[in-house]
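# Report on the structure
Residues per chain are reported as follows:
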Amino acid sequence: MFTDTLIKLFKRDLSKLKEEINGYKVESNLWLTPGEIKNSAGNLGLHLVGNLNHFIGAALGNTGYIRQRDLEFSLKDVPRIELIKQIDDTMVIVENTLSKLTPQDLEQQYKHRVFEKPTSTEYFLVHLAMHLAYHLGQINYHRRLIEV
């Protein structure tokens, strides 16, 4: 089923996110924004956790998660161990939620209108997987740029 594929992809990329976060030799480097870099790796990690908990956990899994998007970009110096725990918790939420979706659920219009036009839940879940991969690449580049 399509949700099995999505679960594998989210787990793969969330695991890679943990590897990237743990790959920083100096923990404080997670929060650096040198030059014209606008977002630190730590803030992008918080953003990904918030995004998936909001759009998958709360919207589809009814977890009750309340997103504070501005904090995803303004919080600093969250301990690495806490960020890793949030990623682990998000992985569980994503897997539990997606495993309960039926093919009919995927065909339904997604609950929130995020884009100009309504989309199916399936389409939006693919978008979320691509969003995760996009920011994962930014974090990888940030780590290699900062820790030469």
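Our subject is the structure listed above.
Rules used in this analysis
Residues numbered from 1 in each chain as written. Predicted model: local features only at pLDDT ≥ 70, side-chain atom pairs only at ≥ 80, totals over all residues. Heavy atoms only, no water. Salt bridge = Lys/Arg side-chain N within 4 Å of Asp/Glu carboxyl O. Helix = DSSP H or I, 4+ residues; strand = E, 2+ residues; numbered from the N terminus. Buried < 20%, exposed > 50% of the residue type's maximum accessible area, 1.4 Å probe, protein only. Bend = angle between axes of the 7 residues up to and from the residue. Patch = residues over 30% accessible without salt bridge, like charges linked within 9 Å, V, L, I, M, F, W, Y side chains within 5 Å. Areas by Shrake-Rupley, 256 points an atom, 1.4 Å probe, with all protein chains shown as cover. Contact = heavy atoms within 4.5 Å. Core = buried A, V, L, I, M, F, W, Y, C linked by side-chain atoms within 4.5 Å.

### Let's talk about the pattern of salt bridges
According to the stated counting rule, one finds 8 salt bridges in the structure shown. Among the ionic pairs, Lys-18 bridges to Asp-88, the shortest N-O distance being 2.6 Å. Of this pair, Lys-18 sits in helix 1 (residues 2–22) while Asp-88 sits in helix 4 (residues 80–99), and the two are 70 residues apart along the sequence. Residue Arg-143 pairs with Glu-20 through a salt bridge whose shortest N-O separation is 2.6 Å.

### Focus on the environment of Asn-22
Structurally, the position occupied by Asn-22 is in helix 1. The class of Asn-22 is partly exposed, set by a relative accessible area of 44%. Note: C-alpha distance between Asn-22 and Arg-80 (58 residues apart in sequence) is 7.6 Å.

### A closer look at helix 2 (residues 41–61)
At Asn-53, helix 2 is deflected by roughly 30 degrees, the largest bend along its length. Buried residues dominate helix 2, accounting for 19 of its 21 residues. At the C-terminal side of helix 2, Asn-62 shows a positive phi close to 50 degrees.

### Looking at a nonpolar patch on the surface
A contiguous nonpolar patch, built from Val-114, Phe-115 and Tyr-123 and spanning about 270 Å² of accessible area, is present on the exposed surface. For Val-114, the location among the structural elements is in the loop between helix 5 (103–107) and helix 6 (121–146). When its relative accessible area of 38% is taken as the criterion, Val-114 is described as partly exposed.

### Observations regarding the side chain of His-135
Structurally, His-135 can be placed in helix 6. For His-135, a relative accessible area of 10% corresponds to the buried category. If near-sequence neighbours (up to four positions away) are discounted, His-135 is found in contact with Leu-44, His-47 and Leu-48.

### Observations concerning the nonpolar core
In this structure, Phe-10, Leu-98 and Leu-125 are the most contacted members of the largest nonpolar core, which totals 36 residues. When residues of this core are traced back to their parent elements, those giving at least two are helix 1, helix 2, helix 4 and helix 6. In terms of residues, this core owes the most to one element, helix 2, which gives 10 residues. Those residues in contact with Phe-10, other than ones at most four positions away along the chain, are Leu-52, Ile-56, Val-94, Leu-98, Leu-125, Leu-128, Ala-129 and Leu-132.

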